[in-house]
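Summary of structural features
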Amino acid sequence: MRYKVYGAIVFCFILFYVLNAGPYFCIGIGYVAKNIYIDNEGLTEEENGVPLLGVGLGYNNKIGMFNLTLDTHSDFFGMDLIKGNRELTLFFKPCALISVPIKIGEINLSPIIGYGGIYKKRYIKERTFLKGQDRYINSVDYEENTYDILYGGFLSLDNWLKTSFITLKDISVFHTVSLFIRTPECEKQIPYIFVKYTGAEGVSVITIGLTFFK
């Protein structure tokens, strides 16, 4: 059932992208600095150095004095998915945010409140030997999610620099920092270079890539 809900959310974002003037799309590469999970034997494992592919869809809409943002970003890594889904790492981060823009010259400041969080999945079909290390990784089918009220802030400088910080009430459970930048002289259709850091309980992920606004 959970996967059907996620599929419906992604479909809605694609529909927004086609029909509306405020959507955006991003794609990039990422890196797992830390991921703690529990394997099928009940042992706590920590991994790092896993490469990731990051993709995201979002939608911005101004309603009166408020800005509504719907955003979802996924960082994932899979091995042999077609041949049996033997290994999968997934971090899925949907959120809905409301902000109030405060303009000071070319600077925009926006306090943020919303709802969202992180869904984590680690799957290893078979027991695997790590080359160069005298140990095995046991099979894993571990998932965990954390969703709650989000708080944060957004800052932008003219149309070339945007940055945001979003967190749950307990910053150690989930927080994310995003930076979007391009040259001040570029045209509006030029994509932003983005850097996103996600920190959650037992998770540290960095993603870098391009964000395209319609």
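See above for the structure.
Per-chain numbering applies: the sequence of each chain, read as written, is numbered from 1 onward. In keeping with the predicted nature of the model, local features appear solely for residues at pLDDT of at least 70, side-chain atom pairs appear and are counted solely at 80 or more, and the whole-chain, interface and lining totals rest on all residues. The basis for every side-chain value is the complete set of non-hydrogen atoms in the structure, without hydrogens or water.

Digging into the pairing of strand β10 (residues 140-157)
Here, strands pair whenever DSSP counts at least two bridges between them. Secondary structure elements follow DSSP: runs of H or I of four or more residues count as helices, runs of E of two or more count as strands, with numbering from the N terminus. Two elements, strand β7 (residues 107-124) and β10, share 18 bridges in a ladder whose sense is antiparallel. When the sheet's bridge partners are listed, L109 is paired in β10 with L155. Between β10 and the antiparallel strand that follows it, strand β11 (residues 161-167), lie 3 residues; D158 among them carries a positive phi value of about 55 degrees.

Things to note about the nonpolar core
We define the nonpolar core as a collection of buried residues of types Ala, Val, Leu, Ile, Met, Phe, Trp, Tyr and Cys that are connected through side-chain atoms lying within 4.5 Å of one another. Burial classes follow relative accessibility: with a 1.4 Å probe on protein chains only, a residue under 20% of its type's maximum area counts as buried, one over 50% as exposed, and anything between as partly exposed. Counting residues in each nonpolar core, the largest one holds 17 residues, and the members touching the most others are L52, F91, L97, L150 and F174. Mapped onto this core, the elements with two or more residues apiece are β3 (50-63), β5 (87-99), β7 and β14 (203-213). Broken down by element, this core gets its largest block of residues, 3 residues, from β5. Ignoring anything within four residues of it in the chain, the contact list for F91 reads V32, N35, L52, H73, S74, D75, I118, Y119, K120, V203 and V205. Counting residues in each nonpolar core, the second largest holds 5 residues, with Y37, I124, I137 and V140 among its members. Contacts were defined at the residue level, with two residues in contact if any of their heavy atoms lie within 4.5 Å.

What to know about the environment of S178
Take S178: it is sitting in strand β12 (residues 174-181). When sequence neighbours within four positions are dropped, the list of residues in contact with S178 reads K162, T163, S164, V195 and K196. We define a polar contact as two N or O atoms separated by no more than 3.5 Å, with the added condition that, inside protein, one atom must be a possible hydrogen donor and the other a possible acceptor, whereas residues neighbouring each other in sequence contribute only through side-chain atom pairs. Looking at S178, its side chain comes within polar contact range of the side chain of K196, at 3.0 Å.

Considering the pairing of strand β13 (residues 192-200)
Here 8 bridges tie β12 to β13, and the two strands are oriented antiparallel to one another. Paired with L179 across the two strands is V195, which belongs to β13. Of the pairings in the sheet, the one linking β13 to β14 comprises 9 bridges and is antiparallel in character. Bridge assignment links K196 to a residue of β14, and that residue is T207.

Remarks on the pattern of salt bridges
Where charged atoms from two side chains of opposite charge come close, those side chains can pair. Whenever Lys or Arg places a side-chain nitrogen within 4 Å of a carboxyl oxygen from Asp or Glu, that contact is recorded as a salt bridge. Using the criterion set out here, one finds 6 salt bridges in the structure. We note a salt bridge from K93 to D75, for which the minimum N-O separation is 2.5 Å. Placement of the pair is K93 in strand β5 and D75 in strand β4 (residues 66-79), with a sequence separation of 18 residues. Note on accessibility: K93 and D75 belong to one class, buried. A salt bridge links E87 to R122; the shortest N-O distance between them is 3.0 Å. In this pair, E87 is assigned in strand β5 and R122 in strand β7, connecting sequence segments 35 residues apart. Residue classification places E87 among the partly exposed residues on the basis of a relative accessible area of 23%. Through salt bridges that share partners, E47, E87 and R122 make up one connected network.

Side note on unusual backbone geometry
Here D158, not a glycine, exhibits a phi torsion of approximately 55 degrees, which is positive. On the secondary structure map, D158 appears in the loop between β10 and β11. Looking at D158, the relative accessible area reads 42%, which means it is partly exposed.

Quick look at the packing of aromatic side chains
The criterion for an aromatic pair is that two Phe, Tyr or Trp rings (for Trp, the six-membered ring) have centres within 6.5 Å, with stacked assigned to planes under 30 degrees apart, edge-to-face to planes over 60 apart and tilted to the rest. One pass over the full model with this rule turns up 2 aromatic pairs. Seen in terms of ring centroids, F180 and Y192 are 6.5 Å apart; in terms of plane orientation they differ by 90 degrees. Their pairing is edge-to-face. One end of the pair, F180, is in strand β12; the other, Y192, is in strand β13, and 12 residues separate them in sequence. Of the residues examined, F180 reaches a relative accessible area of 17% and is grouped as buried. Centre to centre, the rings of F180 and F194 are 6.2 Å apart; their planes meet at 35 degrees, and the pair counts as tilted.

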